Amino acid sequence: MSAKNMDNRNRWRNITVGFRVSPEENEQINTAVRLSGLPKQEYCYRRCLGRDIIVQGNPRVYKALKNELAAVLTELKRIEAGGNIREELLDNIELITEILYGLKGDSND
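Because the structure is a prediction, the values reported are computed rather than measured.

### Things to note about the environment of K40
Okay, step 1: Turning to its location among the elements, K40 is positioned in helix α2 (residues 40–48).
Okay, step 2: Using a relative accessible area of 37% as the deciding quantity, one classes K40 as partly exposed.
Okay, step 3: The sequence separation of K40 and I29 amounts to eleven residues, and the corresponding C-alpha distance is 8.6 Å.
Okay, step 4: A polar side-chain atom of K40 sits 2.7 Å from a polar atom in the side chain of N30.

This is the structure we're talking about:
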């Protein structure tokens, strides 16, 4: 059994919540978690409770963005060669765009 944790309001986090997803949904969730820079647990409960996900730029987030953009480029090259556009690709492009615009808004440009 995992150890009990305290949240930022000194409440015990001792209840486990789980759910099943498809492999494709799992990959989408993992991509969003990587791009957020948050731990998976933190990301999931914030999304479930309708709280904002605020991405803080750091080397890990920038590396995740770089890797996801490389994957998008690979997919775009495949599409150019006559392939079909997958829904997950469009979702990833939208998520990356939102994060990049948010990061740009935080800078002093």
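### Examining α2
Okay, step 1: Along α2, the residues classified as buried are E42, Y43 and C44.
Okay, step 2: On its buried side, α2 packs onto β2 (12–13) and α1 (23–36).
Okay, step 3: Looking one or two residues beyond α2, the residue adopting positive phi is G50, at roughly 70°.

### Some thoughts on α1
Since the α-helix packs 3.6 residues into each turn, any two residues three or four apart lie on the same face.
Okay, step 1: An ideal rise of 1.5 Å per residue puts 20 Å on 14 residues; α1 measures up with 20 Å between its terminal C-alpha atoms.
Okay, step 2: Along α1, the positions that sit buried rather than exposed are N30, T31, A32, V33, L35 and S36.

### Some details on a negative patch on the surface
Okay, step 1: Side chains of E87, D91, E94 and E98 sit close together on the surface and give a patch of like negative charge.
Okay, step 2: For E94, the location among the structural elements is in helix α4 (residues 87–106).
Okay, step 3: In this structure E94 comes out as partly exposed when scored by relative accessible area, which is 46%.

### Structural notes on the nonpolar core
Okay, step 1: Membership of the largest hydrophobic core is limited to eleven residues, which are L35, V55, V61, A64, L65, V72, I79, L89, I96, I99 and L103.
Okay, step 2: Looking at this core, the elements with two or more residues in it are α3 (59–80) and α4.
Okay, step 3: When residues in this core are grouped by element, the largest group, five residues, is from α3.
Okay, step 4: With residues up to four places along the chain from it excluded, the contact list for V61 reads L35, S36, G37, V55 and Q56.

### Focus on the state of the cysteines
Okay, step 1: Inspection of the entire model under this criterion finds zero disulfides.
Okay, step 2: Unpaired in terms of disulfides, C44 finds its nearest cysteine sulfur in C48, a separation of 6.4 Å.

### A closer look at the pattern of salt bridges
In a structure, side chains of opposite charge can pair up when their charged atoms sit close to one another.
Okay, step 1: Within this structure, the stated rule accounts for six salt bridges.
Okay, step 2: E27 serves as the salt-bridge partner of R34, at 3.3 Å between the closest nitrogen and oxygen.
Okay, step 3: According to the relative accessible area criterion, R34 is partly exposed, its value standing at 35%.
Okay, step 4: Residue classification places E27 among the partly exposed residues on the basis of a relative accessible area of 42%.
Okay, step 5: Across the pair E88 and R86 runs a salt bridge, and its minimum N-O distance is 3.9 Å.
Okay, step 6: Relative accessible area serves as the criterion here: at 39%, R86 is assigned to the partly exposed category.
Okay, step 7: Three or more residues joined by partner-sharing salt bridges are found here, namely E75, R78, R86 and E88.

Calculation notes
- Residues numbered from 1 in each chain as written.
- Predicted model: local features only at pLDDT ≥ 70, side-chain atom pairs only at ≥ 80, totals over all residues.
- Heavy atoms only, no water.
- Helix = DSSP H or I, 4+ residues; strand = E, 2+ residues; numbered from the N terminus.
- Buried < 20%, exposed > 50% of the residue type's maximum accessible area, 1.4 Å probe, protein only.
- Polar contact = N/O pair within 3.5 Å; in protein donor to acceptor, adjacent residues only side chain to side chain.
- Contact = heavy atoms within 4.5 Å.
- Expected span 1.5 Å × (residues − 1).
- Patch = residues over 30% accessible without salt bridge, like charges linked within 9 Å, V, L, I, M, F, W, Y side chains within 5 Å.
- Areas by Shrake-Rupley, 256 points an atom, 1.4 Å probe, with all protein chains shown as cover.
- Salt bridge = Lys/Arg side-chain N within 4 Å of Asp/Glu carboxyl O.
- Lys, Arg positive; Asp, Glu negative; His and termini not counted.
- Charge placed at Lys NZ, Arg CZ, Asp CG, Glu CD.
- Core = buried A, V, L, I, M, F, W, Y, C linked by side-chain atoms within 4.5 Å.
- Disulfide = S-S within 2.5 Å.

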